[in-house]
Amino acid sequence: MFIENFKVESPNVKYTETEIQSVYNYETTELVHENRNGTYQWIVKPKTVKYEFKTDTKVPKLGVMLVGWGGNNGSTLTGGVIANREGISWATKDKIQQANYFGSLTQASAIRVGSFQGEEIYAPFKSLLPMVNPDDIVFGGWDISNMNLADAMARAKVFDIDLQKQLRPYMESMVPLPGIYDPDFIAANQGDRANNVIKGTKKEQIQQVIKDIKEFKEANKVDRVVVLWTANTERYSNLVVGLNDTMENLLAAVDRNEAEISPSTLFAIACVMENVPFINGSPQNTFVPGLIDLAIKRNSLIGGDDFKSGQTKMKSVLVDFLVGAGIKPTSIVSYNHLGNNDGMNLSAPQTFRSKEISKSNVVDDMVNSNAILYEPGEHPDHVVVIKYVPYVGDSKRAMDEYTSEIFMGGKNTIVLHNTCEDSLLAAPIILDLVLLAELSTRIQFKSEAENKFHSFHPVATILSYLTKAPLVPPGTPVVNALSKQRAMLENILRACVGLAPENNMILEYK
């Protein structure tokens with residue numbers, strides 16, 4: 001059975017006019033390695049920590065500014081939200097298609113809330129806490145190309161022609177603000193697009209981005225702005241002591257107009273200075289140590305890296321399943337070809353390297369979790385290949401071969417072919433990232449040992465489910481297994497309304 005909404009009735013939950021307040025008992029374990037009767041043993045001690053949560057229920061008017069607004073992802077997301085808001089339908093070769101938010105965790109997935117008369121009861125994920133309605137988002141942003149969003153949509157060739165014709169009147173007046181262009185950080189083949197750029201020193205570019213955010217917020221009367229990078233993949237920035245290793249050194253490097261500061265890092269600095277959440281949807285190391293340091297000191301939300309949409313999402317499911325089943329993956333070979341501008345930019349070796357790193361690290365935590373299968377330092381052979389094939393456009397092909405060792409020296413090979421409509425998979429993920437980033441800024445919590453409520457850590461691990469290479473606070477373990485990431489996110493939101501984690505035990509039926 002499916003219900004549209006619900007309210008929790010519990011001594012641990014209180015609904016006020018402005019907040020949802022909850023008390024939550026966090027059941028966890030503490031491990032100690034200690035001498036017992038002359039022998040060191042691992043001792044696992046269950047423990048309970050009481051937390052209090054409070055969530056501001058006033059949903060703001062949200063502005064979303066996309067860096068790379070005129071790209072395939074930006075034009076697809078903007079057009080998709082307009083189509084949903086206006087109730088647009090269009091003819092395909094198969095049927096009359098209605099606008100929807102399929103592919104969005106927040107808008108199109110469900111959570112289990114319990115059982116009723118022997119039947120499982122589910123509700124929309126978005127019913128857990130008050131969230132921004134995507135139809136109400138105001139879009140803006142920057143791009144190094146001055147093409148309006150209607151023409152950008154046509155150039156992307158993602159939507160059906162009938163839908164494009166209906167969206168054009170809404171989008172042709174949308175023109176991106178000038179972006180930051182540095183040819184040293186992206187492929188040379190992007191130079192022809194760069195007719196809409198912010199001039200000046202790096203400090204002046206940051207100041208212009210700050211000015212753009214303030215003017216967008218004022219012009220559109222939005223309460224909150226979230227900025228997300230969906231522009232070209234950049235090459236990795238060199239990490240240099242004295243340049244970008246600390247907050248002070250990074251800001252001093254900006255003042256000196258040092259060359260080794262990428263456009264994405266400049267956008268992120270501007271957002272952190274304005275306390276505007278910034279999310280990196282590409283694989284480069286935007287968040288150099290000095291930037292993370294700055295975000296932590298200013299308590300400004302940052303999240304990333306790289307949208308997890310197709311091949312990598314499948315990998316984070318399949319490897320988790322194999323290792324969890326006691327099967328040993330020994331070789332993972334992933335091949336992609338695509339023909340959109342992302343593929344064109346990734347044809348340069350320096351930008352491909354950023355993507356290769358992002359895609360390759362996704363299995364690490366799963367491999368490290370099972371010392372029965374893997375010796376210390378042992379790791380599957382893992383190869384990632386990406387090729388640019390213009391003809392296939394946005395319809396990316398991903399082919400994977402997983403070879404594993406099984407019982408008594410046997411071998412098992414799984415081969416997958418995945419045709420990914422790249423931007424149609426990425427756009428709902430962008431939507432989820434900005435909605436969850438905004439929501440997380442309205443949640444505060446404290447443990448029983450703390451005196452004051454505080455926000456989540458500014459490095460937003462809550463967004464990990466949606467990213468290939470999750471950004472985590474220094475010293476925090478990285479979790480890539482998709483099921484664990486989904487459970488973490490859902491269970492945190494359940495805690496905010498006083499619900500226990502979904503443990504799937506269903507003891508009432510055992």
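None of these values were measured; they are calculated from a predicted model. (Residues numbered from 1 in each chain as written. Predicted model: local features only at pLDDT ≥ 70, side-chain atom pairs only at ≥ 80, totals over all residues. Heavy atoms only, no water.)

1. Details of the sheet that holds strand β15 (residues 381–388)
Next, step 1: Here 4 strands make up an open sheet; going across it, the order is β15-β14-β16-β17 and the pairing mixed. Of all strands in the sheet, those bounded by a partner on one side alone are β15 and β17 (411–421). If you compare each strand with its neighbour and ignore which way they point, the axes differ by 10 degrees on average.
Next, step 2: Where strand β14 (residues 328–338) lies against β15, 8 bridges are found, and the strand directions are parallel. Its bridge partner lying in β15, Val333 is registered against Val383.
Next, step 3: Running at roughly 85 degrees to β17, helix α13 (residues 422–440) makes contact with β14, β16 (395–405) and β17 of the sheet. (Pairing = 2+ DSSP bridges. Helix = DSSP H or I, 4+ residues; strand = E, 2+ residues; numbered from the N terminus. Axes fitted to C-alpha atoms, helices over the stretch in contact; angles between N-to-C directions. Contact = heavy atoms within 4.5 Å.)

2. As for the sheet that holds strand β2 (residues 19–36)
Next, step 1: If you walk across this open sheet you meet the 4 strands as β1-β2-β3-β18, and the pairing is antiparallel. Lying at the two open borders of the sheet, with one neighbouring strand each, are β1 (13–15) and β18 (443–447). Across the sheet, the mean angle separating the axes of adjacent strands is 25 degrees when strand polarity is ignored.
Next, step 2: As paired strands, strand β3 (residues 39–56) and β18 are joined by 5 bridges and run antiparallel to one another. Paired with Thr55 across the two strands is Ile443, which belongs to β18.
Next, step 3: Strands in contact with helix α14 (residues 482–496) are β2, β3 and β18; relative to β2, the strand with the most contacts, it is inclined by about 125 degrees.

3. What about the packing of aromatic side chains?
In this description, a pair of aromatic rings is defined by centroid distance and the angle of the planes.
Next, step 1: Going through the model one piece at a time under the given rule, you end up with 9 aromatic pairs.
Next, step 2: When the centroid spacing of 6.0 Å and the interplanar angle of 70 degrees are considered together, the rings of Tyr26 and Tyr51 count as edge-to-face. Taken together, the residues Tyr26 in strand β2 and Tyr51 in strand β3 connect sequence positions 25 residues apart.
Next, step 3: Accessibility expressed as a relative area gives 37% for Tyr26, which makes it partly exposed. (Phe/Tyr/Trp six-rings, centres within 6.5 Å; stacked < 30°, edge-to-face > 60°. Buried < 20%, exposed > 50% of the residue type's maximum accessible area, 1.4 Å probe, protein only.)

4. Section: helix α3 (residues 149–156)
Next, step 1: When we look at burial in α3, the residues that qualify are Leu149, Ala150, Ala152, Met153 and Ala156. Here the buried residues of α3 occupy an arc of 160 degrees about the axis, which is enough to place them on one side.
Next, step 2: Residues of α3 that are buried in the fold lie against α1 (72–86) and α4 (161–171).
Next, step 3: The backbone nitrogen of Ala150 lies 2.9 Å from a side-chain oxygen of the residue at the head of α3, namely Asn148.
Next, step 4: In the stretch just after α3, Lys157 is the one whose phi turns positive, near 60 degrees. (Arc of directions from axis to C-beta. Polar contact = N/O pair within 3.5 Å; in protein donor to acceptor, adjacent residues only side chain to side chain.)

5. Some thoughts on the layout of surface pockets
Next, step 1: Estimated volume of the largest pocket: approximately 1100 Å³.
Next, step 2: Every residue lining the largest pocket is counted, 35 residues in all, and those nearest its centre are Tyr24, Tyr26, Met488, Asn491 and Ile492.
Next, step 3: Of all the secondary-structure elements, those providing two or more residues to the lining of the largest pocket are β2, β3 and α14.
Next, step 4: With 7 residues, the single largest contributor to the lining of the largest pocket is α14.
Next, step 5: Of the residues assigned to the lining of the largest pocket, the class counts are 21 nonpolar, 11 polar and 3 charged.
Next, step 6: Put simply, the second largest pocket is a space of about 550 Å³.
Next, step 7: Of all the secondary-structure elements, those providing two or more residues to the lining of the second largest pocket are α1, β6 (96–98) and α13. (1 Å grid on protein atoms, 1.4 Å probe; cavity = no way out; pocket = protein on both sides within 12 Å on 5 of 7 lines; lining within 4 Å. Points joined across faces, edges and corners; volume = space filled by probe spheres on them. Nonpolar A, V, L, I, M, F, W, Y, C, P; charged D, E, K, R; others polar.)

6. Some thoughts on the pairing of β17
Next, step 1: Across 11 bridges, the pairing between β16 and β17 is antiparallel. From the neighbouring strand, Tyr402 faces β17, where its bridge partner is Ile414.
Next, step 2: Counted along the chain from β16 to the antiparallel partner β17, the turn is 5 residues long, and its residue Met408 has a positive phi close to 60 degrees.

7. As for the side chain of Ser264
Next, step 1: The residue Ser264 is located in helix α7 (residues 263–273) in this model.
Next, step 2: A distance of 2.6 Å separates the side chain of Ser264 from the side chain of Glu234, its partner in a polar contact.
Next, step 3: Within polar-contact distance, the side chain of Ser264 engages the side chain of Ser262 at 3.2 Å.

8. Things to note about a nonpolar patch on the surface
Next, step 1: Nonpolar side chains collect at one region of the surface, where Leu31, Trp42 and Val44 lie side by side and expose about 360 Å² of accessible area between them.
Next, step 2: By secondary structure assignment, the location of Leu31 is in strand β2. (Patch = residues over 30% accessible without salt bridge, like charges linked within 9 Å, V, L, I, M, F, W, Y side chains within 5 Å. Areas by Shrake-Rupley, 256 points an atom, 1.4 Å probe, with all protein chains shown as cover. Salt bridge = Lys/Arg side-chain N within 4 Å of Asp/Glu carboxyl O.)

9. Structural notes on α14
Next, step 1: Along its 15 residues, α14 runs 22 Å from first to last C-alpha, staying within 8% of the 21 Å computed at 1.5 Å per residue.
Next, step 2: Residues of α14 that are buried include every one of Leu482, Gln485, Arg486, Leu489, Glu490, Asn491, Leu493, Arg494, Ala495 and Cys496, and no others.
Next, step 3: The positive-phi residue at the C-terminal boundary of α14 is Gly498, with phi of around 75 degrees. (Expected span 1.5 Å × (residues − 1).)

10. Digging into the pattern of salt bridges
Next, step 1: Going through the model one piece at a time under the given rule, you end up with 22 salt bridges.
Next, step 2: Notably, a salt bridge pairs Glu215 with Lys211, separated by 2.8 Å at the nearest N-O pair. One end of the pair, Glu215, and the other, Lys211, are both in helix α5 (residues 202–220), 4 residues apart, so they sit about a helical turn from each other.
Next, step 3: Note on Glu215: relative accessible area 42%, which makes it partly exposed.
Next, step 4: The class of Lys211 is partly exposed, set by a relative accessible area of 43%.
Next, step 5: Its salt-bridge partner being Arg494, residue Glu490 comes within 3.3 Å of it at the nearest N-O pair.

11. Section: the pairing of β16
Next, step 1: Direction of pairing for β14 relative to β16: antiparallel, over a ladder of 9 bridges. Bridge assignment links Val333 to a residue of β16, and that residue is Glu401.

12. As for the packing of α1 against α4
Next, step 1: The N-to-C vectors of α1 and α4 enclose an angle of 95 degrees; their axes lie 10 Å apart at closest approach. Taken together, the axes of α1 and α4 are roughly perpendicular relative to one another. Where α1 approaches α4, its residues Ser75, Thr78, Gly79, Ile82, Ala83, Arg85 and Glu86 are matched on the opposing element by Leu163, Leu167, Tyr170 and Met171.
Next, step 2: Taken together, the residues of the contact of α1 with α4 break down into 6 nonpolar, 3 polar and 2 charged. (Parallel < 35°, antiparallel > 145°, perpendicular 65-115°, else oblique.)

13. Thoughts on empty space enclosed by the protein
Next, step 1: Evaluation of the coordinates by the stated rule reveals 1 cavity of 30 Å³ or more.
Next, step 2: Of the voids in this model, the largest cavity is the one considered here, and its volume is about 670 Å³.
Next, step 3: Lining of the largest cavity is provided by 44 residues; of these, Thr230, Ala231, Asn232, Thr233 and Asp342 occupy positions nearest its centre.
Next, step 4: Looking at the lining of the largest cavity, the elements with two or more residues in it are α1, β9 (138–143), α7, β14, α10 (341–346), α11 (349–360) and α13.

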